[in-house]
Amino acid sequence: MSASLAELAPRLATVPASFRIVPLDAALGAVVEGFDVRNAPVGAQLWALKTALREHHILVFRGQQPDDAAFLDFTSHFGTVFAPPRNAPVLGSDPYGAAPDIVLVSNVDDGLLGNAELTAHADHHWTPQPSSGSLLYALEIPATGGDTTWFNLVKAYEALDEPTRREIDGLQLITYNPFLRRRHPLPGVAGVPRYRTPDIEPLTPWVAHPLVRTHPDSGKRLLYLGEATEVEIVGYDASRGAALIARLRAHLLQPRFAYTHRWQVGDIVYWDNQATLHSRTAFDPATRRRLKRISLSGSRPF
Ligand SMILES: O=C(O)CCC(=O)C(=O)O
Ligand SMILES: [Fe+2]
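For clarity, every value in this text was computed on a predicted model and none was experimentally measured.

J.: Even after reading the chapter, I still don't get the environment of Asp 68, so can you show me in this structure?
T.: Looking at where Asp 68 falls in the secondary structure, it is placed in helix H3 (residues 68-75). Using a count of 12 C-beta atoms within 10 Å as the deciding quantity, one classes Asp 68 as exposed. Sequence spacing of Asp 68 and Val 90 is 22 residues, and the spatial spacing of their C-alpha atoms is 21 Å.

J.: Whenever I open this one, the pairing of strand E1 (residues 20-23) confuses me. Can you help?
T.: Within a regular strand, the side chains alternate between the two sheet faces. Pairing analysis gives 4 bridges linking E1 to strand E2 (residues 30-33), with the strands arranged antiparallel. Paired with Ile 21 across the strands is Val 32, a residue of E2. Connecting E1 to the next strand, E2, in antiparallel fashion are 6 residues, including Gly 29 with a positive phi near 105°.

J.: Looking at this model, I keep getting lost on the domain arrangement of the protein. Mind explaining?
T.: Accessible area lost when the parts come together is the quantity often used to give the size of an interface. When the domains of the protein are assigned, the result is domain 1 (5-152 + 255-296) and domain 2 (153-252). Taking the mean C-alpha position of each, domain 1 and domain 2 sit 24 Å from one another. Facing 22 residues of domain 1, the contacting portion of domain 2 comprises 21 residues. Contributing elements (two or more residues each) for the side of domain 1 that touches domain 2: strand E6 (118-121), strand E8 (148-152) and strand E16 (276-280). Considering only residue class, the side of domain 1 that touches domain 2 consists of 12 nonpolar, 9 polar and 1 charged.

J.: Sorry, what's going on with the site of ligand 1 here?
T.: Near ligand 1 the following residues occur: Val 105, Leu 113, Leu 118, Asp 123, Ser 134, Leu 136, Thr 148, His 278, Arg 280 and Arg 293. For the shell around ligand 1, the elements supplying multiple residues, two or more each, are strand E7 (133-140) and E16.

J.: I keep staring at the pairing of strand E17 (residues 290-296) and nothing clicks. Help me out?
T.: The element E17 is largely enclosed, with a buried count of 5 among its 7 residues. Sheet analysis places strand E4 (residues 103-106) next to E17, joined by 4 bridges and oriented antiparallel. Its bridge partner being in E17, Val 105 is matched across the sheet by Leu 291.

J.: Honestly, the sheet that holds strand E14 (residues 258-261) in this entry has me stumped. Any pointers?
T.: Sheets are built from strands that pair by backbone hydrogen bonding, the pairs being arranged parallel or antiparallel. Taken together, the 4 strands give an open sheet; going across it, the order is E6-E16-E8-E14, and neighbouring strands pair in antiparallel fashion. In the strand order of this sheet, the two ends are held by E6 and E14, each with one partner. Adjacent strand axes in the sheet meet at a mean angle of 15° when their direction is disregarded. Across 5 bridges, E8 lies against E16 in antiparallel orientation. Its bridge partner being in E16, Trp 150 is matched across the sheet by His 278.

J.: In this structure, what is going on with the nonpolar core? I would like to understand it.
T.: A general trend in soluble globular proteins is that nonpolar side chains are found buried together. Leu 59, Phe 151, Leu 153 and Leu 223 are the most contacted members of the largest nonpolar core, which has 56 residues in total. Counting only domains with at least three residues in this core, you end up with domain 1 (5-152 + 255-296) and domain 2 (153-252). Sequence-distant contacts of Phe 151, defined by excluding residues within four places in its chain, comprise Ala 120, Ala 156, Leu 252, Leu 253, Phe 257, Ala 258, Thr 276 and Leu 277.

J.: Is there a simple way to think about unusual backbone geometry in this case?
T.: A negative phi holds for most residues other than glycine; trans holds for most peptide bonds. With an omega dihedral of -5°, the bond running from Thr 204 to Pro 205 counts as a cis peptide bond. Its location among the elements puts Pro 205 in the loop between helix H6 (178-183) and strand E10 (208-210). Here Asp 109, not a glycine, exhibits a phi torsion of approximately 55°, which is positive. Examined against the element boundaries, Asp 109 turns out to sit in the loop between E4 and strand E5 (112-113). Exposure remark for Asp 109: the 9 C-beta atoms within 10 Å place this residue in the exposed category. The backbone of Leu 113 shows a phi angle near 90°, a positive value even though the residue is not glycine. You can see Leu 113 is positioned in strand E5.

About the criteria used
Residues numbered from 1 in each chain as written. Chains lettered and ligands numbered in written order. Predicted model: local features only at pLDDT ≥ 70, side-chain atom pairs only at ≥ 80, totals over all residues. Helix = DSSP H or I, 4+ residues; strand = E, 2+ residues; numbered from the N terminus. Buried ≥ 20, exposed ≤ 12 C-beta atoms within 10 Å, placed from the backbone. Pairing = 2+ DSSP bridges. Domains from an automatic or database assignment. Contact = placed C-beta atoms within 7 Å. Nonpolar A, V, L, I, M, F, W, Y, C, P; charged D, E, K, R; others polar. Near = placed C-beta within 6 Å. Axes fitted to C-alpha atoms, helices over the stretch in contact; angles between N-to-C directions. Core = buried A, V, L, I, M, F, W, Y, C linked by C-beta atoms within 7 Å.

Laid out in structure tokens, this is it:
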């Protein structure tokens, strides 16, 4: 016996009339209205949130006030908290390789990440099982600066011309861990290399993932590439690879694939790390910007 979703939905629970998912007028994103993350969601709400995330890639909740326990409890409906392998440092890792469940994304108190611009990335891309999604909760926000932009990697892939898609479809990309590179800077090289050439020792451990990834829930193909992390295409000529990556990066960072969020205190944004990149603009270090982040575990990309 099987039942269609339309038949099942009324049985899950009654959705409050105030609950609505409103798509943003942008390349991705939707606002969730009439929902307090502190309250246990009814089944049909959860199903609607999961469906909307798959379709819109980021969900914006305004006016939220969860404490840490309620924030964690809400995220548990979408998966377990991301835990890095002990030998792969990530943002907030301690010397033994463990990371806190809730990361302080803040330029004050004990926060991490300061006030600098952040280039576009997917959280924990450089680990064997990158995060499926992250949630950021805004507690203090400066009057200007510190905006976060998300990029739709499905649309970026779909907009590539056919010969480029054919060229990249089977390629494997190593995305080197930037937190390891910080520990092992290259002598005489200013900044982090954007593409590993044969004269640069590879950082270990490293992991290769498909450059074109299939989304595990929607089945859509997408360009799984960050803006500035050190990378290398497996088995590919280094200068050709560097040129290809530069071209793909210029392509995916176009405003037509982007949504920029101007934060308000009480916002929670939940995004899909398997379909988006996010970047942040710099802000005045004399101002306070304080957010809390929970990243969810993911699976091996295919
Ligand atoms: O500060 C931000 O807006 C984004 C920080 C970030 O990349 C993250 O929390 O994963
Ligand atoms: Fe991030």
